[in-house]
Amino acid sequence: MPNIATTVSRISLNCVFQGPDRIELIEERVPKPGPGQILCAAKKSLISTGTELACLKGRFDEGTVWSSWVRYPFYPGYSMAAQVLETGSGVEGIKAGDRIICPAGHRQYFLADAKEAAVIPDSIRDEEAVFTQIAKVALLGVLRAEPAFGERVGVVGLGLIGQLVIQYLNAGGARQIIAIAPESSRMAHARRNGATDLLNLPVAEALGPVEELTGGRMLDTIYDVTGSYAVLPYCTQLTRDLGKVILLGDSTEPSKQTIGPKVVFNSVSILGIHGRMMTGFKGWTEADMNEFIFESIRRGKLDVASLITEVASPLEAISVYSRLAGRKSDFTGVLFDWTQL
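Every value quoted in this text rests on a predicted model; they were computed, and no experiment measured them.

Criteria and cut-off values
- Residues numbered from 1 in each chain as written.
- Predicted model: local features only at pLDDT ≥ 70, side-chain atom pairs only at ≥ 80, totals over all residues.
- Heavy atoms only, no water.
- 1 Å grid on protein atoms, 1.4 Å probe; cavity = no way out; pocket = protein on both sides within 12 Å on 5 of 7 lines; lining within 4 Å.
- Points joined across faces, edges and corners; volume = space filled by probe spheres on them.
- Helix = DSSP H or I, 4+ residues; strand = E, 2+ residues; numbered from the N terminus.
- Nonpolar A, V, L, I, M, F, W, Y, C, P; charged D, E, K, R; others polar.
- Pairing = 2+ DSSP bridges.
- Axes fitted to C-alpha atoms, helices over the stretch in contact; angles between N-to-C directions.
- Phe/Tyr/Trp six-rings, centres within 6.5 Å; stacked < 30°, edge-to-face > 60°.
- Buried < 20%, exposed > 50% of the residue type's maximum accessible area, 1.4 Å probe, protein only.
- Lys NZ or Arg CZ within 6 Å of the ring centre and 35° of its normal.
- Parallel < 35°, antiparallel > 145°, perpendicular 65-115°, else oblique.
- Left-handed = near helix turned anticlockwise from the far one by under 90°.
- Contact = heavy atoms within 4.5 Å.
- Salt bridge = Lys/Arg side-chain N within 4 Å of Asp/Glu carboxyl O.
- pLDDT = per-residue confidence, 0-100.

This part covers the layout of surface pockets. When its volume is computed, the second largest pocket comes out at roughly 340 Å³. The wall of the second largest pocket is formed by 21 residues, among which Leu139, Tyr168, Ala171, Gly172 and Phe292 lie closest to the centre. Those elements giving two or more residues to the lining of the second largest pocket turn out to be helix 4 (132-145), helix 5 (160-171) and helix 9 (286-298). The element best represented in the lining of the second largest pocket is helix 5, accounting for 4 residues. The residue inventory of the lining of the second largest pocket, partitioned by class, reads 13 nonpolar, 4 polar and 4 charged.

Shown next, in the form of structure tokens:
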């Protein structure tokens, strides 16, 4: 592979949130890579709809991770597939021409820490590899729950992470997977991904139907993947005694969040998990997770391609976010294709 590095800095088109509900595409100069860095050209980037719309909305309780993390101008995105153009000194295992994934934002060209990048196997396409970051978050949620074979589980929230959680649970031997969401548009995905039962209704109305579907046993574990403060108190009512609620969505307004009326009486465990736990959790390293996900995609055990509902040019970013904000449930996997520039 020839070295495709350049000796001049590049001008990058970047997507930036300049303030609440203010999106701009701006051009910025990207310097040459320093020690331990790689200069990359974006190929595909995946919108993390829930996270990025929350960042764009900009309404956070003080003291939350959101309030300290989101500072405008804010560069959204953390799921990138790119090609390496040049490497800085001290970089090992990655060379110019390699395709990599990394947690970069929606930028045409960018510098990345080589330690945060992983080389994409030849058998994996860019549009598949770009799901790796999201797939790792879903995997963390399932690892946090420590599921047993034959469990009855529920998944509330059928966006990307919820759909991937369903796939993992189906592969892991869950007896019953109940998908719960008011948006009918996402039910077909849930069924295809392995849900045994579909409740197309708000979680506030799910108590009776879950009781009926489980024969009164209720759920061993339920995953709240919504990030909505209003969902948790209903999730805790859907588990059996000593059941578990896994919080995979972090509310931007936890001051409004309650736990429900019988958490102590029913001895329900509420377990949170965040993407920053990728290294060392349950003995996994992030490299292990990348390898596992790549191999699962290659073998057809993890289907991410079917989750793609739109591929757009980055030049359409303002329109894309506007449509997502207005009709989020109509979309699942939305990608920017940087090769269209």
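The 6 strands lie next to each other as 10-9-8-11-12-13, forming an open sheet whose pairing is parallel. Every other strand in the sheet has two partners, leaving strand 10 (197-199) and strand 13 (269-272) as the edge strands with one partner each. In this sheet, neighbouring strand axes are inclined to one another by 20° on average, regardless of whether the strands run parallel or antiparallel.

The next point concerns the packing of aromatic side chains. Counted by the stated rule, this structure contains 8 aromatic pairs. Pairing phenylalanine 60 with tryptophan 66 gives two aromatic rings, centres 5.9 Å apart and planes at 15°, and the pair type is stacked. In this structure phenylalanine 60 comes out as buried when scored by relative accessible area, which is 17%. Here the aromatic rings of tryptophan 66 and tryptophan 69 are separated by 6.0 Å at their centres, their planes lie at 50°, and the arrangement is tilted. Remark: tryptophan 69 and tryptophan 66 occur in helix 2 (residues 65-69); sequence separation between them is 3 residues, near one turn of the helix. Here the aromatic residues Phe17, Phe60, Trp66, Trp69, Phe74, Tyr321, Phe336 and Trp338 are joined through ring pairs into a cluster of three or more. Seen from the ring of tyrosine 75, arginine 107 lies directly overhead, with NZ or CZ sitting 4.0 Å from the centre.

For any two helices packed against each other, the geometry comes down to the angle between their axes and how far apart the axes lie. Packing of helix 4 against helix 5 leaves a shortest axis separation of 9 Å and a crossing angle of 55°. Taken together, the axis directions place helix 4 and helix 5 in an arrangement best described as oblique. Here the hand of the crossing between helix 4 and helix 5 comes out right-handed. For the pair helix 4 and helix 5, contact is made by Ile134, Ala135, Val137, Ala138, Leu139 and Val142 and by Leu160, Ile161, Leu164, Val165, Tyr168 and Leu169, respectively. Taken together, the residues of the contact of helix 4 with helix 5 break down into 12 nonpolar, no polar and no charged.

Counting buried residues in strand 8 (residues 152-156) gives 5 out of 5 residues, a clear majority hidden from the surface. With burial as the criterion, each face of strand 8 is covered, one bearing Arg152, Gly154 and Val156 and the other bearing Val153 and Val155. Two strands pair when backbone bridges link them, and strand 8 and strand 9 (residues 176-180) are joined in this way by 5 bridges, in the parallel orientation. The residue bridging arginine 152 from the neighbouring strand is glutamine 176, located in strand 9. Direction of pairing for strand 8 relative to strand 11 (residues 219-224): parallel, over a ladder of 4 bridges. Looking across to strand 11, one finds that valine 153 is bridged to threonine 221.

Time to look at the pattern of salt bridges. Within the structure shown, the criterion is met by 14 salt bridges. Between glutamate 86 and lysine 32 there is a salt bridge, with its nearest N and O atoms 2.6 Å apart. Separated by 54 residues along the polypeptide, glutamate 86 in strand 4 (residues 80-87) and lysine 32 in the loop between strand 2 (22-30) and strand 3 (37-46) bring together distant segments of the chain. By relative accessible area, which is 13% here, glutamate 86 ends up buried. On the accessibility criterion, lysine 32 (40% relative accessible area) is partly exposed.

Another aspect to go through is the pairing of strand 11. Taken across its 6 residues, strand 11 has 6 buried, putting it largely inside the fold. Summarising the sheet, strand 11 and strand 12 (residues 239-247) pair through 5 bridges and their orientation is parallel. The residue of strand 12 that forms the bridge with aspartate 224 is leucine 247.

On to the confidence of the model for the protein chain. Of the residues in the protein chain, 98% reach a pLDDT of 70 or more, and the chain-wide mean stands at 96. Long-range and interchain partners of residues 1-7, a stretch whose pLDDT sits below 50, account for 15 contacts in this model, where long-range means more than four residues apart.

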